[in-house]
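Residues per chain are reported as follows:
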4 protein chains.
Amino acid sequence: MGLTLKQAQAAVQAAHEKALEMGVKMNIAVVDAGANLVALIRMDDAWLGSLDIAIKKAKTARYFDMPTGAIGGLSQPGGPLFGIEHSNGGLITFPGGIPLKGDGGLMMGGIGVSGSTVEDDHAVAEAGANAVGPR
Amino acid sequence: MGLTLKQAQAAVQAAHEKALEMGVKMNIAVVDAGANLVALIRMDDAWLGSLDIAIKKAKTARYFDMPTGAIGGLSQPGGPLFGIEHSNGGLITFPGGIPLKGDGGLMMGGIGVSGSTVEDDHAVAEAGANAVGPR
Amino acid sequence: MGLTLKQAQAAVQAAHEKALEMGVKMNIAVVDAGANLVALIRMDDAWLGSLDIAIKKAKTARYFDMPTGAIGGLSQPGGPLFGIEHSNGGLITFPGGIPLKGDGGLMMGGIGVSGSTVEDDHAVAEAGANAVGPR
Amino acid sequence: MGLTLKQAQAAVQAAHEKALEMGVKMNIAVVDAGANLVALIRMDDAWLGSLDIAIKKAKTARYFDMPTGAIGGLSQPGGPLFGIEHSNGGLITFPGGIPLKGDGGLMMGGIGVSGSTVEDDHAVAEAGANAVGPR
């Protein structure tokens with residue numbers, strides 16, 4: 001019972017609205033529990049290079065079931081996971097990716113946002129993650 | 001003057017509605033004039049392997065500004081473009097990808113659809129392409 | 001509710017036993033519904049190049065929820081899906097990959113086998129697919 | 001005289017049992033002297049992103065015939081091997097990968113484990129490495 005398109009689109013729309021409200025231009029990607037894309041949008045004039053980053057953030061958040069920024073804290077030089085971003089075809093380990101959880105904490109996928117500061121990216125991703133409603 | 005997100009979403013929504021009406025489960029992708037993704041959806045239970053095919057069809061249609069099936073006619077063994085699918089990180093040259101044109105025939109991007117027969121894929125892509133309205 | 005390791009190992013073991021019984025040396029791979037590896041073995045002296053083929057067969061079977069050989073019938077020169085193997089990082093479209101189905105036909109993953117003739121590969125994959133028991 | 005499947009499966013099983021005993025969810029991969037996969041399992045609910053990391057740890061350990069963590073000590077900024085992880089399609093240089101040695105120190109392959117802290121990963125890999133018995 002994976003993430004439905006309806007749920008993924010609700011997450012994308014909520015993130016989009018948050019971005020419009022904040023006045024930032026974002027790429028927004030949602031993956032399911034298998035880390036495969038379900039929905040994606042690129043806002044007008046959003047950084048082109050942030051498209052791949054948004055996808056990688058969504059996948060990274062689901063790959064390790066934690067916000068991408070938490071991994072970044074562990075992957076610094078001298079840290080226990082230094083160099084982890086060389087796995088899985090490339091990870092992004094700074095904030096902006098959040099796992100999507102269902103009832104009972106069931107892992108359903110991830111959302112990744114990129115296009116502004118990492119604080120903004122995270123805030124927009126959070127708005128999306130909070131909007132994943134019932135199937 | 002690139003394709004707007006609003007236009008891309010109109011194309012995706014029209015294609016989605018056509019797919020629902022036909023009772024098929026599709027992956028639908030839209031790229032802009034730079035052949036970069038603008039919007040994408042995967043319908044519930046659509047073939048997982050068709051996600052990448054939909055993206056490649058959208059890009060292929062824009063790369064050469066013609067429907068993907070037209071390229072397939074030229075890339076058969078003995079044909080003038082035999083093997084063209086080895087370029088650009090992989091092309092898909094059977095039907096389901098259509099270029100998106102604006103006023104005066106201006107090339108604006110491409111739409112790619114995958115998840116059923118190639119005839120169905122093309123019909124759904126056409127519904128999407130026809131729905132790209134004014135900016 | 002994905003494929004469990006216990007189920008994947010039951011499939012691998014049944015395929016392994018079938019291969020021993022047939023006197024063939026196989027690579028055997030099992031993926032879950034997200035097309036991600038769950039279990040894999042390479043028998044002693046099995047063709048080294050068949051390892052990647054087994055993995056790609058398992059993924060291809062799940063990507064399109066049909067035996068890999070069925071896709072091969074459609075992807076010949078002049079066929080409707082000619083060139084499909086250029087998608088998804090490379091597909092294998094000859095026999096030896098079979099989708100794994102659960103109760104009610106629910107798609108749970110795929111098994112891929114490579115190391116002998118395609119008829120042998122398919123027979124061994126079938127033995128594995130039939131052994132996916134209860135969770 | 002390569003690693004046999006029987007030996008690889010003994011290593012995987014011992015590592016699996018250690019992981020169950022420790023209450024951690026691991027991906028476990030074993031490669032032979034040619035750094036090619038021989039056996040692999042992903043435990044239920046193990047981090048999806050750790051699958052590729054386990055494979056890369058097993059390969060890295062065999063590529064350089066030393067525990068992956070030892071390489072990590074040399075690949076920090078300012079260190080003699082800074083950036084080594086960009087080779088070989090991506091290395092993982094934190095603990096969890098251990099070379100597999102046979103009689104007389106003969107290099108037979110590597111085991112890689114990922115899914116918990118690097119200390120846990122290493123402990124589980126060690127249990128696997130110690131279980132490679134006679135052919």
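One can find the structure itself at the top, above this paragraph.
### Regarding the interface of chain D and chain C
- Listed per partner, the contact involves 17 residues of chain D and 16 residues of chain C.
- A combined buried area of about 1,400 Å² lies between chain D and chain C, and 55% of that area is made up of carbon and sulfur atoms.
- Here chain D is connected to chain C by 2 salt bridges.
- One salt bridge in this structure joins Arg42 of chain C and Asp32 of chain D, with 2.7 Å as the shortest N-O distance.
- Taken together, chain D and chain C are joined by 11 residue pairs in polar contact (both at pLDDT 80 or more).
- Top contributing element to the side of chain D that touches chain C by residue count: strand 2 (residues 37-42) of chain D, with 6 residues.

### Some words on the packing of aromatic side chains
- This model, assessed by the stated rule, comprises 6 aromatic pairs over all chains.
- For the pair Trp47 of chain B and Phe64 of chain C, a centre-to-centre distance of 6.0 Å together with 75° between the ring planes defines the contact as edge-to-face. Pair noted here: Trp47 of chain B is in the loop between strand 2 (37-42) and helix 2 (50-64) and Phe64 of chain C is in helix 2 (residues 50-64), and the two residues belong to different chains.
- On the numbers, 6.4 Å between centres and 70° between planes, the contact of Tyr63 of chain B with Phe64 of chain B is edge-to-face.
- Residue class for Tyr63 of chain B comes out partly exposed when judged on its relative accessible area of 33%.
- For Phe64 of chain B, a relative accessible area of 30% corresponds to the partly exposed category.
- The rings of Tyr63 and Phe64 of chain A together with Trp47 of chain D are connected pair by pair, giving a single aromatic cluster.

What counts and what doesn't
- Residues numbered from 1 in each chain as written.
- Chains lettered and ligands numbered in written order.
- Predicted model: local features only at pLDDT ≥ 70, side-chain atom pairs only at ≥ 80, totals over all residues.
- Heavy atoms only, no water.
- Contact = heavy atoms within 4.5 Å.
- Buried area = accessible area lost by both parts, 1.4 Å probe.
- Salt bridge = Lys/Arg side-chain N within 4 Å of Asp/Glu carboxyl O.
- Polar contact = N/O pair within 3.5 Å; in protein donor to acceptor, adjacent residues only side chain to side chain.
- Helix = DSSP H or I, 4+ residues; strand = E, 2+ residues; numbered from the N terminus.
- Phe/Tyr/Trp six-rings, centres within 6.5 Å; stacked < 30°, edge-to-face > 60°.
- Buried < 20%, exposed > 50% of the residue type's maximum accessible area, 1.4 Å probe, protein only.

What is shown is where atoms sit, not what they do.
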